[in-house]
Amino acid sequence: MNRTPEFVLSLIAVILNTFIWLIQILSALTKVSWGSDDLAFSMAYAIGYGSIYFVMLLLLWVGTFKIKNNSKGWGIFILVMGALNTLSVSFISGVLLLIAGIMMLARKPKVNKQ
């Protein structure tokens, strides 16, 4: 089955998430390098949040390219990540992932009657 719409929606969302992650890490690291008052907090934020978000991004990139295989498991994963992303800073990418996950689970393959 052709999963191009799901793939494109998920790819746009993952690219947006990657840019948001880079911006947040760079802003936390510039706070550290400029010598802010809460240096320990900024460093812990950059390491902790950055590593958790990186693992999530890595799994989202894998899930995006596994959509073409018609896997229900990756469709559920994309749906769950979309729900989690709508509660965070990356609301737009979360909505895109939700739509892609719902389409992945709801669309049925066409049956050719001959």
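Quick caveat, the model's predicted, so the values are computed rather than measured.

Caption draft 1: Up close: the overall build of the chain. On a plain count of helices and strands, the chain comes out with 4 helices and 0 strands. Listing the helices and strands of the chain from first to last along the sequence gives α-α-α-α. The burial tally for the chain puts 33% of its 114 residues in the buried class. Accessible surface computed for the chain: about 7,100 Å², of which carbon and sulfur atoms make up 76%.

Caption draft 2: Expanded view of the pattern of salt bridges. A complete count under the given rule lists 1 salt bridge for this structure. One salt bridge connects Glu 6 with Arg 3, and the closest N-O pair in it is separated by 3.0 Å. In this pair, the class of Glu 6 matches that of Arg 3, namely buried.

Caption draft 3: Expanded view of the confidence of the model for the chain. When pLDDT is averaged along the chain, the result is 83; 89% of the residues meet or exceed 70. Across the chain, the element-wise mean pLDDT spans from 84 in helix H2 (residues 39–66) up to 91 in helix H4 (residues 91–106).

Caption draft 4: Representation of helix H3 (residues 72–86) within the structure. With 15 residues, H3 ought to run about 21 Å at 1.5 Å a step, and its terminal C-alpha atoms sit 21 Å apart, in line with that. Those residues of H3 that fall on the buried side of the exposure criterion are Gly 75, Phe 77, Ile 78, Met 81, Gly 82, Asn 85 and Thr 86. All buried residues of H3 lie within an arc of 165 degrees about the axis, which places them on one face of the element.

Caption draft 5: Just the side chain of Asn 17, in detail. Within the secondary structure layout, Asn 17 lies in helix H1 (residues 4–33). In terms of polar contacts, Asn 17 uses its side chain to reach the side chain of Ser 90, at 3.1 Å. With residues up to four places along the chain from it excluded, the contact list for Asn 17 reads Tyr 53, Met 56, Leu 57, Leu 60, Asn 85, Ser 90, Ser 93 and Leu 97.

Caption draft 6: Seen up close, the packing of H2 against H3. Across the interface, H2 lies against H3 with an axial gap of 10 Å and an inter-helix angle of 135 degrees. Comparing their axes, H3 and H2 come out oblique. Seen from above, H2 lies across H3 with left-handed handedness. On H3, the residues that touch Met 56, Leu 59, Leu 60, Val 62, Gly 63, Thr 64 and Lys 66 of H2 are Trp 74, Phe 77, Ile 78, Met 81 and Asn 85. The class makeup of the residues in the contact of H2 with H3 is 8 nonpolar, 3 polar and 1 charged.

Scoring rules and cut-offs
- Residues numbered from 1 in each chain as written.
- Predicted model: local features only at pLDDT ≥ 70, side-chain atom pairs only at ≥ 80, totals over all residues.
- Heavy atoms only, no water.
- Helix = DSSP H or I, 4+ residues; strand = E, 2+ residues; numbered from the N terminus.
- Buried < 20%, exposed > 50% of the residue type's maximum accessible area, 1.4 Å probe, protein only.
- Areas by Shrake-Rupley, 256 points an atom, 1.4 Å probe, with all protein chains shown as cover.
- Salt bridge = Lys/Arg side-chain N within 4 Å of Asp/Glu carboxyl O.
- pLDDT = per-residue confidence, 0-100.
- Expected span 1.5 Å × (residues − 1).
- Arc of directions from axis to C-beta.
- Polar contact = N/O pair within 3.5 Å; in protein donor to acceptor, adjacent residues only side chain to side chain.
- Contact = heavy atoms within 4.5 Å.
- Axes fitted to C-alpha atoms, helices over the stretch in contact; angles between N-to-C directions.
- Parallel < 35°, antiparallel > 145°, perpendicular 65-115°, else oblique.
- Left-handed = near helix turned anticlockwise from the far one by under 90°.
- Nonpolar A, V, L, I, M, F, W, Y, C, P; charged D, E, K, R; others polar.

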